[in-house]
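Each chain, written out:
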Amino acid sequence: MTALRIAPTVADAFPDTLIALVTATGLRGREPWPETTAALEDLEQQLADGTWQPADETDPRIEAWHTAYRSFGTNPRRIRPSVDALGRRFAKKGTLPRINPAVDSYNAVSVRNGLPAGAFDLDHVTGDVDIRHADGSEEFTPLGEPDTTENPKPGEIIYADTTGVLTRHWNHRDAHRTRVTEDSTHVAFVLETLHATRDGHHLKTAAEELQGLLVPHAEKTTVHFLSPAHPHATFRR
């Protein structure tokens, strides 16, 4: 069993946090995912038609993350929350990246709902995962940079397991070690909001959308919700 936990200091600092944890086992990333392809193409068509725009930093959902980043010493215009960076790239290029079906699925759900999303290959996670403040001694190897080692700043919010950091700046960038590939079969996806009172319905809709994209290509999926009132979830390896 593996646990995902929100540390008490993070819960105290962000008391309206709500995180959806969507797990998939027996994932088949090398077969066609037509529903995900359609979701990406639909968003791209809406953008091209001018009927929809991704949320930007003036949107309350993104603005909340900018405020959070500043609170732990990160400049959000230099190091952007993942959903902000993805939306800006999408608005500029007119297309969403194609990485692999699992990653493409959470990217589509993230940008559609204006919520940060990420994922970890659980076969490469060690021990439990904590959302906590860094002490500065932890090590992080950025996605796509296997020969690079960084140390988060003390006080920065991170996802971390017993080996090291899985994401820096809460949700800015994932680690290379736990990256999701087309060969990942056991994956934990996370979707996040800092304002459950206002945006909890968006988060629950996004979790349902993501689970719907995963179900045809997995043996089993589950959804858990974490909050300061319920700060941990346990799931099978």
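Just above sits the structure.
Notes on the structure follow. (Residues numbered from 1 in each chain as written. Predicted model: local features only at pLDDT ≥ 70, side-chain atom pairs only at ≥ 80, totals over all residues. Heavy atoms only, no water.)

## Overview of the pairing of strand 2 (residues 18–25)
Heads up, the rule is: Exposure is judged per residue with a 1.4 Å probe applied to protein chains only, and the accessible area is read against the type maximum: over 50% gives exposed, under 20% gives buried, and values in between give partly exposed. Under the scheme used here, helices are H or I runs from DSSP no shorter than 4 residues and strands are E runs no shorter than 2 residues, and both carry numbers assigned from the N terminus. Two strands pair under a simple rule: DSSP has to find at least two bridges between them.
The buried fraction of strand 2 amounts to 7 of the 8 residues, a majority that puts the element mostly inside the structure. Relative to strand 8 (residues 186–193), strand 2 runs antiparallel, the two sharing 8 bridges. From the neighbouring strand, Ala24 faces strand 8, where its bridge partner is Val187. Of the pairings in the sheet, the one linking strand 2 to strand 9 (residues 220–226) comprises 7 bridges and is antiparallel in character.

## Quick notes on the sheet that holds strand 8
Cut-off, in case you're wondering: To get an axis, fit a line to the C-alpha atoms, keeping to the stretch in contact for a helix; angles then go from 0 to 180 degrees between the N-to-C directions.
The 4 strands are arranged 3-8-2-9 in an open sheet whose pairing can be described as antiparallel. Looking at strand neighbours, the two that pair on one side only are strand 3 (117–121) and strand 9, the edges of this open sheet. Pairs of neighbouring strands in the sheet enclose a mean axial angle of 20 degrees, with direction left out of account. Examined bridge by bridge, strand 3 and strand 8 share 5 bridges and lie antiparallel to one another.

## A few points about the pattern of salt bridges
Using the following cut-off: Note on definitions: salt bridges are taken to be side-chain nitrogens of Lys or Arg within 4 Å of carboxyl oxygens of Asp or Glu.
One pass over the structure, following the stated rule, counts 16 salt bridges. The residue Arg77 makes a salt bridge to Glu57 at a minimum N-O spacing of 2.6 Å. Highlighted residues: Arg77 in the loop between helix 3 (60–71) and helix 4 (82–93) and Glu57 in the loop between helix 2 (34–49) and helix 3, separated in sequence by 20 residues. Overall, the relative accessible area of 53% leaves Arg77 in the exposed class.

## A word on the environment of Asp161
Just so we agree on the cut-off: Should any heavy atoms of two residues lie within 4.5 Å, those residues are considered in contact. Polar contacts here mean pairs of N or O atoms no more than 3.5 Å apart (in protein, one a potential hydrogen donor and the other a potential acceptor; neighbouring residues in sequence count only if both atoms are side-chain atoms).
Tracing the backbone shows Asp161 in the loop between strand 5 (157–160) and strand 6 (165–168). Taking the C-alpha atoms as reference points, Asp161 and Asp130, separated by 31 residues in sequence, lie 6.5 Å from one another. In contact with Asp161, other than residues within four places in its own chain, are His124, Val125, Thr126, Asp128, Val129, Leu166 and Arg177. Looking at Asp161, its side chain comes within polar contact range of the main-chain nitrogen of Gly164, at 2.9 Å. There is a polar contact of 2.8 Å between the side chain of Asp161 and the side chain of Arg177.

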